[in-house]
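So the chains spell out like this:
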Amino acid sequence: MSMLTPPGMGGREYRITGGKYPRMRPPRRRGRLVAAVVASVAALGLTGWGALQLIDVFTGGGDTASATGPAARCRTKAAAAPATRLEPLPKPAGITVNVYNATRRTGLAKSTADELKKRGFRIGQVGNASKQYDKKVKGTGILLGTPAAQHTALRVLATQLAHADLRADTRKGTDVDLIIGDAFKGLAKQETAHRALTELATPQPTATGKKSC
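This is a predicted model, so every value here is computed, not measured.

Definitions and limits used
Numbering of residues begins from 1 in every chain and follows the order in which that chain's sequence is written. In keeping with the predicted nature of the model, local features appear solely for residues at pLDDT of at least 70, side-chain atom pairs appear and are counted solely at 80 or more, and the whole-chain, interface and lining totals rest on all residues. Only hydrogens and water are set aside when side-chain values are computed; all heavy atoms of the structure are taken into account. Under the scheme used here, helices are H or I runs from DSSP no shorter than 4 residues and strands are E runs no shorter than 2 residues, and both carry numbers assigned from the N terminus. Two N or O atoms form a polar contact when they lie within 3.5 Å of each other; inside protein one atom must be a possible hydrogen donor and the other a possible acceptor, and for residues adjacent in sequence the pair counts only when both atoms belong to side chains. When checking whether two residues touch, look at their non-hydrogen atoms; a contact exists if any pair is within 4.5 Å. Relative accessibility decides the category of a residue: with a 1.4 Å probe and only protein chains considered, values under 20% of the type maximum give buried, values over 50% give exposed, and everything between is partly exposed. At least two DSSP bridges between two strands are required for those strands to pair. Under this scheme, a helix contributes an axis fitted over its contacting stretch, all axes are lines through C-alpha atoms, and angles between N-to-C directions fall in the 0 to 180 degree range. We define a salt bridge as a contact between a side-chain nitrogen of Lys or Arg and a carboxyl oxygen of Asp or Glu at a distance within 4 Å.

Visitor: Mind showing me how you'd approach the side chain of R171 here?
Guide: Locating R171 in the fold gives a position in the loop between β5 (165–168) and β6 (176–180). A distance of 2.9 Å separates a polar atom in the side chain of R171 from a polar atom in the side chain of D169. Side-chain polar atoms of R171 contact the backbone oxygen of D175, separated by 3.1 Å. When neighbours within four sequence positions are excluded, R171 is seen to be in contact with N98, L144, G145, T146, V176 and D177.

Next up, the structure:
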């Protein structure tokens, strides 16, 4: 074996000519490198697809999905429905109002009763408030009636007096009381009261809130 024969050459002699030399290192494993790159790209693709799916679930799937997906169906089922009232509201002419003055000012009960009568209400008793309320009502006034009247007659009467306090008692009749308090400066303007009464008689639709998804 010659000094110029590298080990592993099978005992053959090679003459080195020119500027090229035999490759002594084993070839690089390019196949494994390419496979690793392909696997990485595939993993990144799957990760991105999964993230998009999660975003679609939590946001309703963008513009298209929001129009036809589950979120849209839920919103459709929660559409507005007409409001309903168990009992129709009475007209002012069907409400008997007792007017009582709980202040130190004189004449308020009479003048207030006269104004309510002009606005269509029926007037019952007029005078000073009972000892339970006399000089003890600091607000605008108290509207007093049966529990059933809280959503009917007293609501109608409340359109005539802003910031009145609605209360219920154990009376048997259908009449209601207006007890004038220290902050009373007069009934609401007739135009304002009429507008409030119209809005009260025409309730706005409310959402059903029913969802099955």
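Past the structure itself, the notes keep going.
Visitor: It is not clear to me how the pairing of strand β4 (residues 141–145) should be interpreted in this structure. Could you clarify?
Guide: Here is the key point about a regular strand: its side chains alternate between the two faces of the sheet. The element β4 is largely enclosed, with a buried count of five among its five residues. In β4, alternate side chains face the same way, and those of G141, L143 and G145 on one face and I142 and L144 on the other are all buried. Here β4 pairs with β6 via four bridges, running antiparallel. Each bridged residue has a counterpart across the sheet, and for I142 the counterpart in β6 is I179.

Visitor: How should I be thinking about the sheet that holds strand β3 (residues 122–128) in this particular structure?
Guide: Strand pairing within a sheet occurs via backbone hydrogen bonds; the two strands may be parallel or antiparallel. Read from one edge to the other, the open sheet built from five strands follows the order β3-β2-β6-β4-β5, with strand pairing classed as mixed. The two strands at the open ends of the sheet, each matched to only one other strand, are β3 and β5. Going across the sheet, the axis of each strand differs from the next one's by a mean of 20°, ignoring polarity. In the packing of helix α4 (residues 108–118) onto the sheet, the strands contacted are β2 (96–101), β3 and β6, and the crossing angle to β2 comes to about 155°.

Visitor: Would you take a moment to explain the pattern of salt bridges for this structure?
Guide: Side-chain pairs of opposite charge can arise where the charged atoms are in close proximity. For the structure shown, the criterion picks out eight salt bridges. For D114, the salt bridge goes to K110, with nearest N and O atoms at 2.9 Å. Separated by four residues within a single helix, D114 and K110 lie in helix α4, roughly one turn from each other. Take D114: its relative accessible area is 34%, and that puts it in the partly exposed class. For K110, a relative accessible area of 51% gives the class exposed. R167 serves as the salt-bridge partner of D165, at 2.8 Å between the closest nitrogen and oxygen. You can call D165 partly exposed: its relative accessible area is 32%. By sharing partners, the salt bridges in this structure join D169, R171, D175 and D177 into a single network.

No statement about biological role is implied by the geometric values presented.
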